[in-house]
Each structure stands twice: as C-alpha cells, then as structure tokens.
Amino acid sequence: MVTDTASNFNNEPTTAQASTKLTATQKKQIAAVNASLSKTQMAAKNWIAYHESSYSYTARNGNCYGRYQLLISYLKGNLSPVNQEKTANSYVKGRYGTWTKAKKYWVAHHWY
C-alpha cells in the first residue's frame, strides 16, 4: 500500500526534478531500470512520483518511504534511489500491470 503525501496538485513542474542529488552512476542505473518503459509509462510514473513525494527519494510518511512512498518493508533495507525505482516498477507491474493503470487508480483513490 502506498499513501498520498503531497498536498499541492496545482503547480506541477513539466519535468521531474529529484529532491535528492544523484550521482552519475545512479542516474545511469536508473535510466537502465526504466529503459523498457514507454514515454507514456514514464509520464505516469513521474506523475505518481510528484503526487507521492514531490520527487523526493527521502520523503517519509509513517511506514512509507521515498519517491514512490513504498512500504519500507518492500525495500528490504535498501533505501537507495536505484532500489526504489526497481521496487516501484516491480510493485506496479505486479499490482496494476502498468504505470498508466496505477495512475488511473491513484486518481480515483488518491493512493496506489
């Protein structure tokens, strides 16, 4: 279960801006993790990231953590941005099938 932590839905930036500085290696690893996602899927993933944490890899809300506000237990002790990306993709694939379906669910329920 993931919960909504964002309160400002009106001023969305047009491009994702991470709240945490990433190393060049992390950026490459994240690009590789997301390489199979279409532009539409990446747009939905970024939309969720904005609404969950304002793109922050260090956001906290109870038992949820990071950019996609995943349960900490899902991250299995590895809170790194790369693991958050991998785990979020796995979670969404298993629960919704696609990021666009996850976004549709989020819009209806304010969580995914």
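Look up: the structure comes first, before these words.
So, a few notes on the structure that sits alongside this text. Bear in mind the structure is a predicted one, so any value in this text is a computation, not a measurement. (Residues numbered from 1 in each chain as written. Predicted model: local features only at pLDDT ≥ 70, side-chain atom pairs only at ≥ 80, totals over all residues. Heavy atoms only, no water.)

## Quick word on the environment of Ala44
Next up, step 1: Along the polypeptide, Ala44 turns up in helix H2 (residues 39-53).
Next up, step 2: Between the C-alpha atom of Ala44 and that of Thr98, which follows or precedes it by 54 residues, the distance is 9.0 Å.
Next up, step 3: If we skip the residues at most four places from it in the chain, Ala44 touches Trp99, Thr100 and Lys103. (Helix = DSSP H or I, 4+ residues; strand = E, 2+ residues; numbered from the N terminus. Contact = heavy atoms within 4.5 Å.)

## A closer look at helix H4 (residues 99-109)
Next up, step 1: Looking only at H4, the buried set comprises Trp99, Ala102 and Trp106. In a view along the axis of H4, the buried residues occupy a sector of 55°, so they form one face of it. Projecting away from the buried face of H4 at angles above 90 degrees are the exposed residues Lys101, Lys104 and Ala108.
Next up, step 2: Just downstream of H4 lies His110, where phi reads positive at about 65°. (Buried < 20%, exposed > 50% of the residue type's maximum accessible area, 1.4 Å probe, protein only. Arc of directions from axis to C-beta.)

## Describing the pattern of salt bridges
Next up, step 1: Scanning all chains against the criterion turns up two salt bridges.
Next up, step 2: Put simply, Lys45 and Glu85 hold a salt bridge, and the shortest N to O gap is 2.6 Å. On the criterion of sequence distance, the pair formed by Lys45 in helix H2 and Glu85 in helix H3 (residues 81-95) is long-range, its members being 40 residues apart.
Next up, step 3: Note that Arg67 and Glu85 form a salt bridge whose closest N and O atoms lie 3.5 Å from each other. Taken together, the residues span a long stretch of sequence, with Arg67 in the loop between strand E2 (64-65) and strand E3 (70-71) and Glu85 in helix H3 at a distance of 18 residues.
Next up, step 4: Of the residues examined, Arg67 reaches a relative accessible area of 7% and is grouped as buried.
Next up, step 5: The class of Glu85 is buried, set by a relative accessible area of 2%. (Salt bridge = Lys/Arg side-chain N within 4 Å of Asp/Glu carboxyl O.)

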